[in-house]
Amino acid sequence: MMKEGQRVVMVTEDSKYARLVVMASLSSIMMALLLVIAKMLVWFFSNSITILASMTDSMMDLVTSVINYIAVRFAIKPPDEDHNYGHAKIEALAGLAQCAFISASAIFLLVSSINRYFNPVQLTNIDLGIYVTVLSLILTLFVVVFQTYVIKKTDSQIIAADRLHCQSDLYSNLAIIVSLLICSTGYEIADVIFALLITVYIAHGVYGIGVRSLNVLLDKKISNHLINDITSIMLATPGVLGLHEMRTRRVGNYIYIQVHMCIDRNISLEEAHAIASTAQKAVLCKYSQADILIHMDPVNKTDLSD
């Protein structure tokens, strides 16, 4: 059983988690909105298909960032009578929604790039495109750094997916700068080539988001590294003779653990409960956001030694 002091720690961690993921979501929305407006103006004056590609990507980022923010606000709600395990899986559903939006943007960019290849257009105001893209690069870098910090503190899947969008903007902005510099020398085919490269990168990101979201929805086990560490902590508890049938999954910032613990059958129930409780507290000291369910199996020490 968890004591009141531990409950306070859990609430504090939840509050910190909520504050960080909300801030990260809002920063992504503000950046995406600013970039969409800037790139729309540059595309209007330059006719660059690469700028169009980046603008489309930023528009999708804006839409998905808004979805993420709504999902985050819902996911951080505490468990209730109808949702005993909380609402964190909404993050994975938001991730699948992102896949749908980003896939649509990738298809649009592919079609636009092919059309531009067969129907080339003279590019104008290339210098303006470079200046705005450099500004976009700097803003995006700041958001990526902040989101990376939030992910390290919260391990939020939805912020990780949002950071992928920002990273795609980071790489696409670099590609745009190179593309426009090449186009300024007269090789305007580079505009189409780099737009296609951005499309491929976006498609790759869709696959990554989709896999992670499905893993959460399908209750994939936590990493082997975490499982081995948790197992070592429990086995180091005096009185724990063995573990088996461990089941794990991750939802939001919580790790759910179910395990059968072997305990000497010759001790009292009270002593056995104390051993299991000690093992549970040892894990919670390192992984405070763990939800642990232990089933005690009475065994003979001689049977284990055999």
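Provided above is the structure to which this section pertains.
In this text, all values refer to a predicted model and were calculated from it rather than measured experimentally. (Residues numbered from 1 in each chain as written. Predicted model: local features only at pLDDT ≥ 70, side-chain atom pairs only at ≥ 80, totals over all residues. Heavy atoms only, no water.)

J.: I'd like a description of the nonpolar core, backed by residues and values.
T.: One finds Met234, Met261, Val283, Tyr287 and Ile292 to be the most contacted residues of the largest nonpolar core, which totals 22 residues. Residue assignment for this core shows that the elements contributing at least two residues are helix 7 (224-235), strand 2 (254-264), helix 8 (269-286) and strand 3 (290-299). (Core = buried A, V, L, I, M, F, W, Y, C linked by side-chain atoms within 4.5 Å. Buried < 20%, exposed > 50% of the residue type's maximum accessible area, 1.4 Å probe, protein only. Helix = DSSP H or I, 4+ residues; strand = E, 2+ residues; numbered from the N terminus.)

J.: Residues and numbers for helix 8, please.
T.: The terminal C-alpha atoms of helix 8, which comprises 18 residues, lie 27 Å apart, in line with the 26 Å expected from a rise of 1.5 Å per residue. Among the residues of helix 8, Ala272, Ile275, Ala276, Ser277, Ala279, Gln280, Val283 and Leu284 are the ones counted as buried. (Expected span 1.5 Å × (residues − 1).)

J.: Describe the side chain of glutamine 147, with residues and values.
T.: Looking at where glutamine 147 falls in the secondary structure, it is placed in helix 4 (residues 126-154). Residue classification places glutamine 147 among the buried residues on the basis of a relative accessible area of 0%.

J.: For unusual backbone geometry, give the residues involved together with the corresponding values.
T.: Although it is not a glycine, glutamate 245 sits at a positive phi angle of roughly 55 degrees. Within the fold, glutamate 245 resides in strand 1 (residues 242-251).

J.: I'd like a rundown of a nonpolar patch on the surface, residues and numbers included.
T.: A cluster of nonpolar side chains, contributed by Leu110, Ile114, Tyr117, Phe118, Val178, Ile182, Tyr187, Ile189, Ile193, Leu196 and Leu197, occupies part of the molecular surface with about 1000 Å² of accessible area. Structurally, the position occupied by isoleucine 193 is in helix 6 (residues 189-217). Residue classification places isoleucine 193 among the partly exposed positions, given a relative accessible area of 45%. (Patch = residues over 30% accessible without salt bridge, like charges linked within 9 Å, V, L, I, M, F, W, Y side chains within 5 Å. Areas by Shrake-Rupley, 256 points an atom, 1.4 Å probe, with all protein chains shown as cover. Salt bridge = Lys/Arg side-chain N within 4 Å of Asp/Glu carboxyl O.)

J.: Mind laying out the packing of helix 7 against helix 8, listing which residues take part and the relevant values?
T.: Where helix 7 meets helix 8, the closest approach of the two axes is 8 Å, and the angle between their N-to-C directions is 140 degrees. By the criterion of interaxial angle, the relationship of helix 7 to helix 8 is oblique. The handedness of the crossing between helix 7 and helix 8 is right-handed. Here Asp229, Ile230, Ile233 and Met234 of helix 7 come into contact with helix 8, specifically with Ala279, Ala282, Val283 and Lys286. Considering only residue class, the contact of helix 7 with helix 8 consists of 6 nonpolar, no polar and 2 charged. (Axes fitted to C-alpha atoms, helices over the stretch in contact; angles between N-to-C directions. Parallel < 35°, antiparallel > 145°, perpendicular 65-115°, else oblique. Left-handed = near helix turned anticlockwise from the far one by under 90°. Contact = heavy atoms within 4.5 Å. Nonpolar A, V, L, I, M, F, W, Y, C, P; charged D, E, K, R; others polar.)

J.: Which residues make up the side chain of threonine 248, and what values go with them?
T.: Tracing the chain through its elements places threonine 248 in strand 1. For threonine 248, the side chain forms a polar contact with the main-chain nitrogen of isoleucine 222, separated by 3.2 Å. Once you skip the residues sitting within four places of it in the chain, threonine 248 turns out to touch Asp219, Lys220, Lys221, Ile222, Ile227, Tyr256 and Ile257. (Polar contact = N/O pair within 3.5 Å; in protein donor to acceptor, adjacent residues only side chain to side chain.)

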